[in-house]
Amino acid sequence: MITLRIVRKVTELIGRTPLLSLCQDRSGSRLLLKLEQFNPLGTAKTRMALEMVRDAERRGALRPGGHIIESTSGNTGLGLALVAAERGYRFTAVVDGHACPDKLRAMRAMGAELVYVTGDGDGELATAAREDLAARLAKDTDGAVFTEQHNNPGNAEGYRPLAQELAEALPEGVDYLIGAVGTGGSLCGTGRELRRTMPRMRIVGVEPVGSIAFGGPGGPYHQSGTGTPPGAPVGALVDFDLIDEGRKVSDRRAFGAARALARRTGLLVGGSAGGVVYEALRLMTAVPPRSTVVAVLNDTGEKYLDTVFDDGWMAGHDLLDPAAEREVDDLLTGLSQDLGYRVGSDRGALP
């Protein structure tokens, strides 16, 4: 008999997202994808948005009828728009032209006000300008709170349940945790909680080429909602003592991985999640036998049908790279062919 859970609020659907066994090699090492896209609005950021608002309420900073202001490239804004709609708050999202149009439309649909720091048609990522404007707006607006996701401890705290879900599903432990690093909340919040019971687990952060958190020259990139662009400070939640290794992935390889994964498995993930999959597959080729690698994928691909999954847009931005897509396909094949099943088949599922 199937029992359906009845909820009264959309935010009650946050969490308990599935694990997908993507591949397993002859040694018994396996790559599991934590599909955070199964949260409401297709993003992990609903977890942290709810916790940041709850924290502001507990501190008395946010009162009934109050006003939430945040600088966002999209997904945090989606989460805050949802929470604001449920709890009766006004929400203003400070955005730039780098944000996915579908995310902006969805925020508006939930009643959010959008304030742009860049002009029409300007695809610039302007994180520092967004942060400055959001802070000024909050200071000048009665009853307003700037949730300041890059430096808000509630961001990382919102991912403690994610860690608890992994610990419950994988009592034998996680050997490697890999995920994107933007604010640092999801990877560090999850990793810190898991390390309490899995001290030997290694944590691998992934950022775009052009992001500056892990060093190297800064530059433009198209991966949305991740990384630290030049001119922006690295968020206080990025814990370099916690992260064992930082990796960089190009837009071409990140988007190529997302496209290859969609064709191979039918799973649509966002561009930065594609970067995590790419680096997780590379990691799988070097881990000790019988390792469990968990990749946290924060975003769904349906928001990028006009960009990452559109040949015209990809070619127009010089990102269409069949060789990058073949590389991912070959990695998937190589990691699974010895066991006699194709990637994504039932025989590859968790026992």
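Shown above is the structure to which this text applies.
Just so we're clear, the structure is a prediction, and the values are computed from it rather than from any experiment. (Residues numbered from 1 in each chain as written. Predicted model: local features only at pLDDT ≥ 70, side-chain atom pairs only at ≥ 80, totals over all residues. Heavy atoms only, no water.)

### Quick word on the overall build of the chain
Here is the rule: A helix here means a DSSP run of H or I that spans at least four residues, while a strand means a run of E at least two residues long, and both kinds are numbered starting from the N terminus. We take the radius of gyration over the C-alpha atoms and set the globule estimate at 2.2 Å times the residue count to the 0.38 power. Residues count as neighbours in contact if any of their non-hydrogen atoms are within 4.5 Å of one another. The charge count treats Lys and Arg as positive and Asp and Glu as negative. His and the chain ends do not count. In plain terms, the charge of a residue is placed at NZ if it is Lys, CZ if Arg, CG if Asp and CD if Glu.
Scanning the chain from terminus to terminus reveals 11 helices and 10 strands. Over its C-alpha trace the chain gives a radius of gyration of 20 Å, about what one expects of a compact globule, namely 20 Å for 351 residues. Overall, the C-alpha framework of the chain stretches about 65 × 50 × 45 Å when taken along its three principal axes. Considering only contacts within the chain whose residues lie at least 6 apart along the sequence, 71% involve residues at least 24 apart. Across the chain, the mean location of the 40 positive side-chain charges is 5 Å away from that of the 45 negative side-chain charges.

### A few points about the packing of aromatic side chains
Put simply, the rule reads: Stacked, tilted and edge-to-face pairs are distinguished by plane angle, under 30 degrees for stacked and over 60 for edge-to-face with tilted covering the rest, among Phe, Tyr and Trp rings (Trp via its six-membered ring) whose centres lie within 6.5 Å. For each residue, the accessible area found with a 1.4 Å probe, counting protein chains only, is set against the maximum for its type, and the residue is called buried under 20%, exposed over 50%, and partly exposed in between.
Applying the stated criterion across every chain, the model contains two aromatic pairs. Measuring from centroid to centroid gives 6.2 Å for Phe 214 and Phe 240, while their planes differ by 80°, and the two rings are edge-to-face. Of this pair, Phe 214 sits in the loop between β8 (202-208) and β9 (245-249) while Phe 240 sits in the loop between β8 and β9, placing them 26 residues apart in sequence. Ring plane angle 50° and centroid distance 6.5 Å describe the contact between Phe 255 and Trp 313, whose orientation is recorded as tilted. Of this pair, Phe 255 sits in helix α8 (residues 251-265) while Trp 313 sits in helix α10 (residues 311-316), placing them 58 residues apart in sequence. The class for Phe 255 is buried, based on a relative accessible area of 1%.

### Quick look at the pattern of salt bridges
Side chains carrying opposite charge are able to pair once their charged atoms draw close together. Applicable threshold: Here, a salt bridge means any side-chain nitrogen of Lys or Arg that lies within 4 Å of a carboxyl oxygen of Asp or Glu.
Scanning the entire structure with this criterion turns up 30 salt bridges. The salt bridge involving Glu 36 is made with Arg 47; its shortest N-O contact spans 2.5 Å. Taken as a pair, Glu 36 in the loop between β2 (30-35) and α1 (45-58) and Arg 47 in helix α1 lie far apart in primary sequence, 11 residues in all. Side by side, Glu 36 and Arg 47 carry an identical accessibility label, which is buried.

### Considering the packing of helix α6 (residues 160-169) against helix α7 (residues 185-195)
Heads up, the rule is: As a rule, the C-alpha atoms of each element are fitted with a line to give its axis, helices using only the stretch in contact, and angles between N-to-C directions run from 0 to 180 degrees. The labels follow the angle: roughly parallel below 35 degrees, roughly antiparallel above 145, roughly perpendicular from 65 to 115, and oblique for the rest. Two helices crossing with the near one rotated counterclockwise from the far one by less than a right angle form a left-handed crossing, whereas a clockwise rotation gives a right-handed crossing. Under the convention adopted here, Pro, Cys and the residues Ala, Val, Leu, Ile, Met, Phe, Trp and Tyr are nonpolar, Asp, Glu, Lys and Arg are charged, and Gly plus all remaining residues are polar.
Packing of α6 against α7 leaves a shortest axis separation of 8 Å and a crossing angle of 50°. Classed by the angle they form, the pair α6 and α7 counts as oblique. Both α6 and α7 take part in a crossing whose hand is right-handed. The segment α6 lies against α7, with Arg 160, Leu 162, Ala 163, Gln 164, Leu 166 and Ala 167 engaging Thr 190, Glu 193 and Leu 194. Each residue belonging to the contact of α6 with α7 can be placed in one class, and the counts come to five nonpolar, two polar and two charged.

### Here's the deal with the nonpolar core
The test is simple: The term nonpolar core refers to a set of buried residues drawn from Ala, Val, Leu, Ile, Met, Phe, Trp, Tyr and Cys, joined through side-chain atoms within 4.5 Å. What fixes the domain bounds is an automatic or database domain assignment.
If you look at the biggest cluster of nonpolar residues, it comprises 46 residues, and the most contacted ones within it are Ile 68, Phe 91, Met 107, Leu 177 and Val 294. Elements with a minimum of two residues in this core: α1, α2 (75-87), β4 (90-95), α3 (101-109), α6, α7 and β10 (292-297). For this core, the element with the highest residue contribution is α1, accounting for six residues. A domain-level breakdown of this core finds at least three residues from each of domain 1 (10-43 + 153-331) and domain 2 (44-146). Residues within four places of Met 107 in sequence aside, it is in contact with Gly 74, Gly 77, Leu 78, Ala 81, Phe 91, Ala 93, Val 95, Ala 112 and Leu 114. Formed by 42 residues, the second largest nonpolar core is a distinct cluster that contains Cys 23, Leu 31, Phe 255 and Met 314.

### A few points about α2
Rules: Given the number of residues in a helix, its expected span is that number minus one, multiplied by 1.5 Å.
The first and last C-alpha atoms of α2 sit 19 Å apart over 13 residues, in line with the 18 Å expected at 1.5 Å per residue. Counting buried residues along α2, 10 of its 13 residues qualify, which places the element largely inside the surrounding structure. Turning to α2, its buried residues number three or more, namely Asn 75, Thr 76, Gly 77, Leu 78, Gly 79, Leu 80, Ala 81, Leu 82, Val 83 and Ala 84. Check the buried side of α2 and you find it contacts α1, β3 (67-71), β4 and α3.

### Here we look at the sheet that holds strand β5 (residues 113-116)
Strands belonging to one sheet form pairs held by backbone hydrogen bonds; the direction of such a pair is parallel or antiparallel. We count it as follows: In this analysis, strands are considered paired if DSSP registers two or more bridges between them.
Spatially, four strands are ordered β5-β4-β3-β6 in an open sheet, and the strand pairing comes out parallel. The open sheet has two edge strands, β5 and β6 (144-146), and neither has a second partner. Strand-to-strand twist across the sheet, computed as the mean angle between neighbouring axes with direction ignored, equals 20°. In this structure, β3 lies alongside β4, joined through five bridges in parallel fashion. Within β4, the position partnered with Ile 68 by the bridge is Phe 91. Lying on the sheet, α3 is in contact with β4 and β5; it crosses β5 at an angle near 140°.

### Structural notes on unusual backbone geometry
Most peptide bonds take the trans configuration, and most residues that are not glycine carry a negative phi. The phi dihedral of Leu 41 is positive, around 70°, even though this residue is not glycine. With respect to the secondary-structure elements, Leu 41 resides in the loop between β2 and α1. Its relative accessible area of 33% is what places Leu 41 among the partly exposed residues.

### Focus on the pairing of strand β1 (residues 19-24)
Note: β1 against β2, five bridges, orientation antiparallel. What sits directly across from Leu 20, in β2, is Leu 33. In textbook terms, the turn of a hairpin is the stretch between consecutive antiparallel strands, and for β1 and β2 this stretch comprises five residues, one of which, Gly 28, has a positive phi near 100°.

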